Amino acid sequence: VQLQASGGGLAQTGGSPRISCRASGAITSEFRNGAWEWYRQGSGKQRDVVASMASDGSTTYDDAVKGRFTISRDNSKKTVYLQMNNLKPEDTAVYYCKGAMYSSVYWGRGTQVTVSS
């Protein structure tokens, strides 16, 4: 299984991009029963979780993005999304997806999101 992140790039303050993470090689049932997270790592900072989705679909968010970011998944496409609204310059970071399926944990390579002020 490989997690392939996409959709990053340059965005404007207040923008609403969406980034994706496709679980290539995963079977649908393991993807559907998996737990998914989006992390981000700003320059010189540690990698922190910003959004999580449990296998039952329940979600949690870091306070810094609550109300602005939404994690979702499309089981048929085996893809997890992070909808980012009302972007701020401090959201600039490399965003990583992480998936836990059965007994294995997978990380995507990350996608850079840069927010211009």
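Rules used in this analysis
Along each chain, numbering runs from 1 in the same order as the chain's sequence is written. Totals for whole chains, interfaces and linings use every residue, but because this is a predicted model, local features are given only for residues with pLDDT of at least 70 and side-chain atom pairs only at 80 or more, for both listing and counting. Only hydrogens and water are removed before side-chain values are computed, so all heavy atoms of the structure are retained for them. DSSP calls a pair of strands paired once it identifies at least 2 bridges connecting them. Strands here mean DSSP runs of E at least two residues long; helices mean DSSP runs of H or I at least four residues long; both are numbered from the N terminus. To get an axis, a line is fitted to the C-alpha atoms, and for a helix only the part in contact is used. The angle between two axes follows their N-to-C directions and goes from 0 to 180 degrees. By convention in this document, the label disulfide applies to cysteine sulfur atom pairs within 2.5 Å. Each residue gets one of three labels from its accessible area relative to the maximum for its type: buried under 20%, exposed over 50%, partly exposed in between, using a 1.4 Å probe on protein chains only. Only heavy atoms enter the contact rule, under which two residues are in contact if any of them lie within 4.5 Å. Note on ring pairs: Phe, Tyr and Trp rings are taken, using the six-membered ring of Trp, and paired if centres are within 6.5 Å. Classes follow the plane angle, with under 30 degrees stacked, over 60 edge-to-face and the rest tilted. Should the NZ of a Lys or the CZ of an Arg lie within 6 Å of a ring centre and within 35 degrees of the ring normal, that charge is described as sitting over the ring. Each nonpolar core is a collection of buried residues, namely Ala, Val, Leu, Ile, Met, Phe, Trp, Tyr and Cys, held together in the definition by side-chain atoms within 4.5 Å.

K.L.:
Is there a simple way to explain the sheet that holds strand 8 (residues 79-84) in this structure?
P.N.:
Adjacent strands of a sheet form backbone hydrogen bonds with each other and so pair up, either parallel or antiparallel. Strand order across the open sheet formed by four strands is 1-3-8-7, with antiparallel pairing between neighbours. The open sheet has two edge strands with one neighbour each: strand 1 (2-6) and strand 7 (69-74). In this sheet, neighbouring strand axes are inclined to one another by 15 degrees on average, regardless of whether the strands run parallel or antiparallel. Note: strand 1 against strand 3 (residues 18-24), five bridges, orientation antiparallel.

K.L.:
Mind showing me how you'd approach the state of the cysteines here?
P.N.:
Disulfide: a covalent bond connecting the sulfur atoms of a pair of cysteines. Enumeration according to the criterion identifies one disulfide in this entry. Note on cysteine connectivity: Cys 21 is disulfide-linked to Cys 97, with sulfurs 2.0 Å apart. Where Cys 21 bonds to Cys 97 through sulfur, the torsion about that S-S bond is close to 60 degrees, and the disulfide is right-handed. Of this pair, Cys 21 sits in strand 3 while Cys 97 sits in strand 9 (residues 93-101), and the two are 76 residues apart along the sequence. When its relative accessible area of 1% is taken as the criterion, Cys 21 is described as buried. A residue is classified by how much of its surface remains accessible, and Cys 97, at 1% relative accessible area, is buried.

K.L.:
Looking at this model, I keep getting lost on the side chain of Thr 111. Mind explaining?
P.N.:
Tracing the backbone shows Thr 111 in strand 11 (residues 111-116). Not counting the four nearest positions on each side in its chain, Thr 111 is found in contact with Ala 5, Ser 6, Gly 7, Gly 8, Ile 19, Ala 93, Val 94 and Tyr 95.

K.L.:
So what exactly am I meant to see when it comes to the packing of aromatic side chains here?
P.N.:
What characterises a pair of aromatic rings is the spacing of the ring centres plus the angle enclosed by the ring planes. Taken as a whole and assessed by the stated rule, the structure comprises two aromatic pairs. Ring plane angle 40 degrees and centroid distance 4.8 Å describe the contact between Phe 31 and Trp 36, whose orientation is recorded as tilted. Classification of Phe 31 as buried rests on a relative accessible area of 0%. Judged by relative accessible area, which is 1%, Trp 36 ranks as buried. Considering the side-chain rings of Tyr 39 and Trp 107, the 4.8 Å spacing of their centres and the 55 degrees angle between planes classify their relative orientation as tilted. Here Trp 107 lies in strand 10 (residues 104-107) and Tyr 39 lies in strand 4 (residues 35-41), a separation of 68 residues in the sequence. Judged by relative accessible area, which is 13%, Tyr 39 ranks as buried. For Trp 107, a relative accessible area of 38% puts it in the partly exposed group. Just above the ring of Tyr 81 sits the side chain of Arg 18; from NZ or CZ to the centre is 4.0 Å.

K.L.:
Is there a simple way to explain the nonpolar core in this structure?
P.N.:
Soluble globular proteins tend to pack their nonpolar side chains together in the buried interior. Core analysis: the largest hydrophobic core is formed by 25 residues, its most contacted members being Trp 38, Leu 82, Met 84 and Tyr 95. Those elements that provide at least two residues to this core are strand 3, strand 4, strand 5 (48-53), strand 7, strand 8, strand 9 and strand 11. When residues in this core are grouped by element, the largest group, four residues, is from strand 9. Setting aside residues no more than four positions away along its own chain, Leu 82 makes contact with Pro 17, Arg 18, Ile 19, Trp 38, Val 50, Ala 51, Phe 69, Thr 70, Ile 71 and Tyr 95.

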